[in-house]
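The primary structure of each chain is shown beneath.
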Amino acid sequence: MEYFAGEFDVAVIGAGHAGIEAALASARLGCETIIFATNLDSIGNLPCNPSIGGTAKGHLVREIDALGGEMGKAADKATIQSRMLNRGKGPAVHSLRVQVDRRLYSAIMKETLENQPRLLVKQAEIVDLRQISDNKWEVVTKLGALYRAKAVIIATGTFLGGRIFVGEVHYDSGPDGMFAATSLSQVLKNMGISLRRFKTGTPPRVDFKTIDLDKLEVQPGDEKVVPFSFETEEPPVNRAVCYITWTTQKTKEIILKNLHRSPMYSGVIEGIGARYCPSIEDKIVRFADKETHQLFIEPCGLNTREAYLQGCSTSLPEEVQAEMYRTIPGLENVQIMRTAYAIEYDCCDPLQLYPTLEFIKFKGLYGAGQFNGTSGYEEAAAQGLVAGINAALKIKGQPPLILERSGSYIGTLIDDLVTKGVADPYRMLTSRSEYRLVLRQDNADERLTPLGKKIGLVSDEKWEKFKEKQELKQQELRRLTTTVIRPSEEVNKILEKHGTTPIQTGVRLVELMRRPQLGYEQLKKVDNTRPTLPDAVMEQVETEIKYEGYIKRQLAQIKEAKRLEALSLPEDIDYYEITGLRNEAKEKLSKIRPTNIGQASRISGVNPADISVLIIWHKTRAAATKSDNILENENL
Ligand SMILES: Cc1cc2nc3c(=O)[nH]c(=O)nc-3n(C[C@H](O)[C@H](O)[C@H](O)COP(=O)(O)OP(=O)(O)OC[C@H]3O[C@@H](n4cnc5c(N)ncnc54)[C@H](O)[C@@H]3O)c2cc1C
């Protein structure tokens, strides 16, 4: 029996990483919001690695923070170990990755949701979803509570149609022993939403006290820790270490002997797995020539003995898992606390979405997170933020937020999803962006905080801090450009010490900084007028001076790309009416409904000839509109 339980502007189904950002954004932008979770202990749960960030994922977290999202702040508060990855490579791929206390991270997010004005947090499974009219929806819980909302955001993650696989044992369940959401999939299919079956897997959690740590290599955190959030004053401190070990020949033998019992290899699992998060079985099979595989032992928190065996995700039977782990140095007597498993779940085909993450066919319905075919906490949070912002902006009658791929990894992620679609769970990589040098994690605030301010998600305090940093940066660039270093014995000794040529005449500091051997560290004895500057400003200034040429070239490419992005395409265009377009292009354009010619040019099956036709069509239409307006004015 259904009963009316309340009316909201926005209803968010799911309180994982996507749902959290969506609900906070929508409530912070002034919308009455309700967020549902099948279990409130799933709020901000980390069912896989107890870490936030990593290559390209660190960029996403910084961008979420710059736009006014929450993940970066929570990660800083829950950090137990911090490392900047790829420091030995160029700044484009420097990526922050932190180990977090899993329980603390979830508790911080739950408290943040509960303390957010205009946001109600509700434990309930949504079993029905009905469209009353455009931008008018009803969601119904398992207990019959009916809620109305102008917008609904689906962020159901790995719970939707969740099914667990461990060897020959399979059963309906969400992650970490929580209930699966078993009703909503059919409702969505009946509405005409096409769903896919994807899968992912996780390694075991083993008991630290049963690991012989003396046999393992220690991996400490960085000496100098930098925070994720631009708002974090005090950087977190390292309070734990990770350990490194390797699989052995014996491990390989056990896996190969039992491969037929792995649901992935016995064909029981139909779901498509993530290419970039292979199970240990996949690694042994795919890289047969490799004798051993590196594993990381990561602490799951400060008040738990649970250790996450990174690199060893599997769905082999439990007894095989135990046998296999005990062949690994340091784990000879290991006890499993949580068995590794694979999970299959339903997600949608993201080609059904606009870059706002609203469904093309359902006004007021949005998708976010794993539900859109991605994998990863950071990817999920980024989409949740954009979906929440757009649901609120639409309700408030304001223009949508569409992030361009030339401006952010979030824009790149969403454009890839809604323009190219996904063949397997999509994980963000720096190689997915053609503008890596411009989309660095250190300048995420410069690229996105003004946008966050414009839409109303960035607080005044954050904005003032941002402006201050920008001012410091500009002052410093001016100082380096105008300060001349005169040749002297002392100066030239320092230059030679760093393997670069001495100077004969006065040289501007910026010129010296351009030399590959010289940076702030090396020039500190030469540069007597240096003001005290935050590390973040020095890092950014040094990068922009050293990579100036490359950055300029990428900015020119971006300018060219923006030219096509500026040629917008109306929602209701009939591509079958446009002569000169090939049939395949007509079909693809009609299905994906690109919002501009730039997006159209990235759709597979739409080739340059089709784009030329579209550009001509756009110009003709613009000219016609112009002459109509002139005529109209003349008639007035
Ligand atoms: C076993 C496993 C292994 C993973 N491995 C990796 C990996 O190797 N690499 C990686 O990057 N990521 C991995 N992940 C993925 C990562 O966990 C997800 O990407 C991330 O949690 C997705 O966030 P989300 O917000 O989309 O969904 P989730 O975090 O899954 O949250 C979904 C939320 O929706 C709620 N919900 C679902 N259906 C309903 C309903 N009908 N009514 C009400 N509430 C509902 C749930 O209660 C939950 O709060 C793994 C996840 C799992 C489970």
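This is a predicted model, so every value here is computed, not measured.

**A short note on the overall build of the protein**
Reasoning step 1: On a plain count of helices and strands, the protein comes out with 21 helices and 22 strands.
Reasoning step 2: Taken against the 2.2 N^0.38 rule, which gives 26 Å for 636 residues, the C-alpha radius of gyration of the protein at 27 Å falls within 12% of a compact globule.
Reasoning step 3: In terms of overall dimensions, the protein has a C-alpha envelope of 90 × 85 × 50 Å along the principal axes.
Reasoning step 4: Burial status across the protein gives 59% buried among its 636 residues.
Reasoning step 5: Expressed as a percentage of contacts within the protein between residues at least 6 apart in sequence, the contacts between residues at least 24 apart total 72%.
Reasoning step 6: Accessible surface for the protein amounts to roughly 26,800 Å². Of this, 53% is attributable to carbon and sulfur atoms.
Reasoning step 7: A gap of 2 Å separates the mean positions of the 84 positive and 84 negative side-chain charges of the protein.

**Some details on helix H12 (residues 444-455)**
Reasoning step 1: With twelve residues, H12 ought to run about 16 Å at 1.5 Å a step, and its terminal C-alpha atoms sit 17 Å apart, in line with that.
Reasoning step 2: Those residues of H12 not exposed but buried are Ala444, Asp445, Arg447, Leu448, Thr449, Gly452 and Ile455. Projected down its long axis, H12 shows its buried positions confined to an angular sector of 170 degrees, all on one face.
Reasoning step 3: Within two residues after H12, Gly456 carries a phi angle of roughly 100 degrees, on the positive side.

**Examining the site of the ligand**
Reasoning step 1: Neighbouring residues of the ligand: 36 residues in total, closest Thr38, Ser42, Ile126, Gln370 and Gly376.
Reasoning step 2: Ala15 has a polar backbone atom sitting 3.0 Å from an oxygen atom of the ligand.
Reasoning step 3: Between the ligand and the protein, one listed contact pairs a nitrogen atom with a side-chain N or O atom of Ser375 at 3.3 Å.
Reasoning step 4: Protein chains shield 97% of the accessible area of the ligand, which is 980 Å² for the free molecule.
Reasoning step 5: Residue assignment for the shell around the ligand shows that the elements contributing at least two residues are helix H1 (17-28), strand E2 (33-37), strand E12 (195-202), strand E19 (341-348) and helix H10 (377-395).
Reasoning step 6: It is E12 that contributes the most residues to the shell around the ligand, three residues altogether.

**What to know about the pairing of E2**
Reasoning step 1: Taken across its five residues, E2 has five buried, putting it largely inside the fold.
Reasoning step 2: Side chains of E2 alternate between two faces, with Thr33, Ile35 and Ala37 and Ile34 and Phe36 buried alike.
Reasoning step 3: In this structure, strand E1 (residues 3-13) lies alongside E2, joined through four bridges in parallel fashion. Pairing of Val12 across the sheet is with Ile35, part of E2.

**Focus on H10**
Because the α-helix completes a turn every 3.6 residues, residues three or four places apart line up on one side.
Reasoning step 1: The terminal C-alpha atoms of H10, which comprises 19 residues, lie 27 Å apart, in line with the 27 Å expected from a rise of 1.5 Å per residue.
Reasoning step 2: Residue Gly397 follows H10 closely and has a positive phi angle near 70 degrees.

**What to know about the sheet that holds strand E5 (residues 95-100)**
Reasoning step 1: The strand order across the open sheet formed by three strands is E3-E5-E4, and the pairing between neighbours is antiparallel. The strands lining the two open edges of the sheet, one partner per strand, are strand E3 (51-53) and strand E4 (79-85). Each neighbouring strand pair of the sheet contributes to a mean axis angle of 20 degrees, computed without reference to strand direction.
Reasoning step 2: Sheet strands in contact with helix H3 (residues 71-78) are E3, E4 and E5, and its direction is about 115 degrees off that of E4.

**Structural notes on the domain arrangement of the protein**
Reasoning step 1: We note that the domain assignment places domain 1 (3-199 + 346-455), domain 2 (205-343), domain 3 (479-550) and domain 4 (566-635) within the protein.
Reasoning step 2: Placing the centre of domain 1 and that of domain 2 at their C-alpha centroids yields a distance of 26 Å.
Reasoning step 3: Domain 1 puts 56 residues into the contact, and the matching count from domain 2 is 51 residues.
Reasoning step 4: Roughly 4,400 Å² of surface becomes buried between domain 1 and domain 2 when both sides are summed, with 56% attributable to carbon and sulfur atoms.

**Some remarks on a nonpolar patch on the surface**
Reasoning step 1: Together, Leu256, Tyr265 and Val285 give the surface a local cluster of nonpolar side chains, amounting to about 240 Å² of exposed area.
Reasoning step 2: The topology assignment puts Val285 in helix H8 (residues 280-286).
Reasoning step 3: For Val285, a relative accessible area of 35% translates into the label partly exposed.

**Points about the environment of Leu120**
Reasoning step 1: For Leu120, the position within the fold is in strand E6 (residues 119-123).
Reasoning step 2: Between the alpha carbons of Leu120 and Ser406 there is a distance of 36 Å; along the sequence they are 286 residues apart.
Reasoning step 3: Those residues in contact with Leu120 that sit more than four places away from it in its chain are Phe8, Thr33, Ile34 and Ile35.

**Observations concerning the environment of Lys290**
Reasoning step 1: Structurally, Lys290 can be placed in the loop between H8 and strand E16 (294-299).
Reasoning step 2: Remark: the alpha-carbon pair of Lys290 and Gln249, spanning 41 residues in sequence, is separated by 9.7 Å.

**Points about the packing of H3 against helix H4 (residues 102-115)**
Reasoning step 1: Following both chains from N to C, one finds H3 and H4 inclined at 135 degrees, their axes separated by 9 Å at the closest point. Comparing the axis directions of H3 and H4 gives the class oblique. With respect to the hand of their crossing, H3 and H4 are arranged in right-handed fashion. On H4, the residues touching Met71, Ala74, Ala75, Lys77 and Ala78 of H3 are Leu104, Tyr105, Ile108 and Met109.
Reasoning step 2: Split into classes, the residues belonging to the contact of H3 with H4 amount to eight nonpolar, no polar and one charged.

What counts, and where the lines are drawn
- Residues numbered from 1 in each chain as written.
- Predicted model: local features only at pLDDT ≥ 70, side-chain atom pairs only at ≥ 80, totals over all residues.
- Heavy atoms only, no water.
- Helix = DSSP H or I, 4+ residues; strand = E, 2+ residues; numbered from the N terminus.
- Rg over C-alpha atoms; globule rule 2.2 N^0.38 Å.
- Buried < 20%, exposed > 50% of the residue type's maximum accessible area, 1.4 Å probe, protein only.
- Contact = heavy atoms within 4.5 Å.
- Areas by Shrake-Rupley, 256 points an atom, 1.4 Å probe, with all protein chains shown as cover.
- Lys, Arg positive; Asp, Glu negative; His and termini not counted.
- Charge placed at Lys NZ, Arg CZ, Asp CG, Glu CD.
- Expected span 1.5 Å × (residues − 1).
- Arc of directions from axis to C-beta.
- Near = heavy atom within 4 Å.
- Polar contact = N/O pair within 3.5 Å; in protein donor to acceptor, adjacent residues only side chain to side chain.
- Pairing = 2+ DSSP bridges.
- Axes fitted to C-alpha atoms, helices over the stretch in contact; angles between N-to-C directions.
- Domains from an automatic or database assignment.
- Buried area = accessible area lost by both parts, 1.4 Å probe.
- Patch = residues over 30% accessible without salt bridge, like charges linked within 9 Å, V, L, I, M, F, W, Y side chains within 5 Å.
- Salt bridge = Lys/Arg side-chain N within 4 Å of Asp/Glu carboxyl O.
- Parallel < 35°, antiparallel > 145°, perpendicular 65-115°, else oblique.
- Left-handed = near helix turned anticlockwise from the far one by under 90°.
- Nonpolar A, V, L, I, M, F, W, Y, C, P; charged D, E, K, R; others polar.

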